[in-house]
Structure formats: C-alpha cells, structure tokens
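Here are the chains, one letter per residue:
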Amino acid sequence: MTPTPAEESPTPTVPVTPYEQFGGEPFFTALVAAFYERVAHDPILRPMYPETDLGPAQRRLTMFLEQYWGGPHTYDDERGHPRLRMRHAPYPIDSIARDRWLTLMHDAMVEQGMPEDDERLLWQYLVGAAFGMQNIPDDAPPANAIDVTEVRP
Ligand code: HEM
C-alpha cells in the first residue's frame, strides 16, 4: 500500500546557518565590497589602512564574517585564530573611528536589502564587535596633552 504523506518518514531538517540565511558567499562579498567602497573615500578610516591596495583587507573581513556566521573556515585556514582585538592594536581606534566604521557598515548593510530580522541580528553583532575593537577609551587624555611627569618645577 502506498503510504499517505503523513506516514512517510519526515524529511530531516538541516539547520540553516545564518551564513546561508543571509545569502551565503554572494551576500558577504557584496556587503564587504559596499563597505570598502566607502572606506576608500573616508578621511578618517582610509589613512589607517597600511596597504595601498584595500583588496586584501576586504578579502580578510569577508572571510572573517563568513566564518563567524557559520560559513567556510577559510579565515582560520589562512590567518589562524582571529584574535581581532590584538590584530587591531596597531591602529588607534577611538570612538570617532569606531562610529565611522559603524556608519559605513550600516550604510553597506542597508544597501543589501535584508529581511528585518536578519538585519537586526547582523547589526547587533556589528555594534558589539565595533565597541569591542575600540582601543582608545573616551576618557583617555588627548594625544597632544602635556605629560605632567615631564614638567620640571
Ligand atoms: C571599530 C572600528 C574598526 C576600525 C577602525 C578597523 C580598522 C582595521 C584596520 C586598519 C585593519 C588593517 C587592515 C588589514 O590588514 O586587514 C583591520 C583589519 C581587520 N579588521 Fe578591522 N576595524 C574596525 C572594526 C572591526 C570589526 C568590528 C571587525 C569584525 C567584525 C573587524 C574585522 C577585521 C578583520 C577580520 C581584519 C583583518 C585581520 C587580519 O587577519 O589581519 N574590524 N581593521
């Protein structure tokens, strides 16, 4: 007897990673490309990048985000453990740089036209990550402040 649909063994559901849900490799490539198009013309962020060619940096961020959201582990394979705070230590990231990074990333993200829930999930992560990367606290003395320990009476 032919089983009715209800009797058939259910199709196993494969959990979808956010990587797949967001749109996989084409999504992350487009997101980070849109971000770096903005970085290329940004007076605060562009000078922070040591390389003339932003292409390699663009690729590293793409690989990292793909891996973070459940995609291929190419970042780890090529770069090792991310240790992102340590890797950002050479770059002075104050709240102005942080907020500029977030603004450009926000514009790049909105351009992708994601469903609202996905956009909220991605944005919450990006905000947390960017705040975590700030390495010059808001209450740090300005770079040109006088070092009082050097002042002779
Ligand atoms: C808060 C403001 C930020 C600034 C100003 C900033 C700036 C930079 C700069 C100048 C580099 C060096 C370019 C390179 O060689 O790749 C870099 C690398 C990188 N950044 Fe950021 N970044 C920020 C936040 C973030 C956030 C939030 C993430 C992750 C969500 C991130 C992920 C990366 C990655 C994956 C690399 C490459 C690390 C490597 O493998 O060497 N950055 N960033």
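Everything below is about the structure shown above.
Residues numbered from 1 in each chain as written. Predicted model: local features only at pLDDT ≥ 70, side-chain atom pairs only at ≥ 80, totals over all residues.

*Asks:* Break down the overall build of the chain for me, with residues and values.
*Replies:* In terms of helices and strands, the chain carries 7 helices and 0 strands. In sequence order, the chain lays out its α and β elements as α-α-α-α-α-α-α. Counting the 153 residues in the chain, one finds 14% classified as buried. In the chain, the proportion of contacts linking residues at least 24 apart, taken out of those at least 6 apart, comes to 74%. (Helix = DSSP H or I, 4+ residues; strand = E, 2+ residues; numbered from the N terminus. Buried ≥ 20, exposed ≤ 12 C-beta atoms within 10 Å, placed from the backbone. Contact = placed C-beta atoms within 7 Å.)

*Asks:* Go over the packing of helix α2 (residues 24-39) against helix α6 (residues 95-111) with me, naming the residues and quoting the values.
*Replies:* At a closest axis distance of 8 Å, the pairing of α2 and α6 adopts a crossing angle of 140°. Between α2 and α6, the interaxial angle falls into the category oblique. Remark: the crossing between α2 and α6 carries right-handed chirality. Mapping the contact onto sequence places L31, A34, F35, R38 and V39 in α2 and L104, M105, D107, A108, M109 and E111 in α6. In terms of residue class, the contact of α2 with α6 is built from 8 nonpolar, no polar and 3 charged. (Axes fitted to C-alpha atoms, helices over the stretch in contact; angles between N-to-C directions. Parallel < 35°, antiparallel > 145°, perpendicular 65-115°, else oblique. Left-handed = near helix turned anticlockwise from the far one by under 90°. Nonpolar A, V, L, I, M, F, W, Y, C, P; charged D, E, K, R; others polar.)

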